[in-house]
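Residue-level structural notes
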Amino acid sequence: MKLLQIKMYKRINYIATILVLVCGLNAQAQVTTSSPYSRYGLGNIKGSLLPQFRAMGGISTAVSKVTGFNNINMQNPASYAGISLTTIDIGMSASVTNLTRNNLSESSFNSTFSHLAFAAPVTRRSALSFGILPYSDLGYNYRNTVKVDTTTLNQLYEGEGGLSKAYLGYGYRFGDHLRIGGNLEYIFGNLQNTRATEFNSAGSYNAKLQTKNSVAGLSYSYGIQYDFTLGKKTIVTLGYSGSTSGKVNSTLTSYATLYTRDQDGNESTAADTLNTVNNGKSNLTLPLTHNFGIAIQQNDKWLIGADFRMGKWSKTSINDVNQGLQDSWGASLGGQWTPDAFSYNSYLKRIDYRIGFNYNKTYIKIGNQDIKQMGASLGFGFPLPTANGGTAFYKINFTTELGQRGTLNNNLVKEQYINFHLGFTLNDTWFRKYRVD
């Protein structure tokens, strides 16, 4: 019994160390993106995907367990029912972005904490999961120059912030083939936007509107998976997941001010405040979403799958104002191959090799131009030596995504990016009841 207590004490310390590490990374990382398209709606929607799923193009709706290793798939909470070991996943992400418009270009680098997720079996047929991850990112800073009669005006746009999601989920298996699950999600964060109109002449009065939405409220998501065998070794899984369309509480703060700039371009303090709203009660309407997926796999060997998704963003509103967004849809195709998960002679054969592709018609439409996004991904799952007498398993998941969003048509911006995702996954026999001391 004393040995068991020592092991549990070490594991509690391990969890505490992870939490401290996450807090430190989150405090030091750059949390904003650099995308002019994040100005629209809620910003760049991140998706509830860990690196191992992003590497397969984002397929997840019909994915439960691959090669016997437990992964946390919060995109479809029905998958929790397949978790047989205590699982922890923690990670970071980074991106290099290049923006192009006409003959101008600009590059930026951003990095941030990406996720912390925990899952553990409750019974032989069920498991729970909880964690925290980004929901959206907001970060842009650009200007337009326009002429009104003979006067030249500069229109400035700036934004920062984003939303995060903390979740608590549960999945249950009925019989041998049917799994269902749900997530209770807490959406929180700040969305800050600034719009200004400036004259080119020093000393002129310029106008600025600053708004900040502090968001905090509950949302729900749900999912179902059903699998059946095809032949002796092949398993086919069908999946569906979605999220409800509901209102999340928001507190609105806004200021409309007049200001000037001196000869050196320095902004003065506000000369006059035209309108002020402090802690105004408001709300944010989240979209109804649907995800459909199919996956075909041979246990401990390979998996291929496809996802199709839809979002009812045309009904989304912030502060009871429709954002002029359109309904979105997208598709993903990807897979994973492990040459020999149990090879003793070759480490390369034990590595998971992943590849994927995705295409999205986003919720943004500028003029008559749909803003589309497409990309390809490549990833690896590197197994680490086992511990605790072969009852603890570790894996490092690394993913690279290359893609682009937007277009150069109609004087718009083309955004090209390379995203890097790094995750560490632990499978262990924590909380298992022992019959013998």
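Residues numbered from 1 in each chain as written. Predicted model: local features only at pLDDT ≥ 70, side-chain atom pairs only at ≥ 80, totals over all residues. Heavy atoms only, no water.

By the naming in an unreviewed UniProt entry, the protein is Long-chain fatty acid transport protein, taken from Pedobacter suwonensis.

For the coordinates displayed, the defined rule picks out 8 salt bridges. One salt bridge connects D176 with R173, and the closest N-O pair in it is separated by 3.8 Å. Residue R173 is classed as buried on the basis of its relative accessible area, which comes to 15%. Ionic pairing is found between D352 and R354, a salt bridge with its closest N-O pair at 3.3 Å. Residue D352 shares its accessibility class with R354, and that shared class is buried. Through salt bridges with shared partners, a single ionic network connects D352, R354 and K395. (Salt bridge = Lys/Arg side-chain N within 4 Å of Asp/Glu carboxyl O. Buried < 20%, exposed > 50% of the residue type's maximum accessible area, 1.4 Å probe, protein only.)

Applying the stated rule across the entire model yields 3 cavities of 30 Å³ or more. Of the volumes computed, that of the second largest cavity is approximately 50 Å³. Together, Q52, F53, M56, V63, S64, K65, V66, N71, Q336 and R354 line the second largest cavity. Partitioning the lining of the second largest cavity into residue classes produces 4 nonpolar, 4 polar and 2 charged. (1 Å grid on protein atoms, 1.4 Å probe; cavity = no way out; pocket = protein on both sides within 12 Å on 5 of 7 lines; lining within 4 Å. Points joined across faces, edges and corners; volume = space filled by probe spheres on them. Nonpolar A, V, L, I, M, F, W, Y, C, P; charged D, E, K, R; others polar.)

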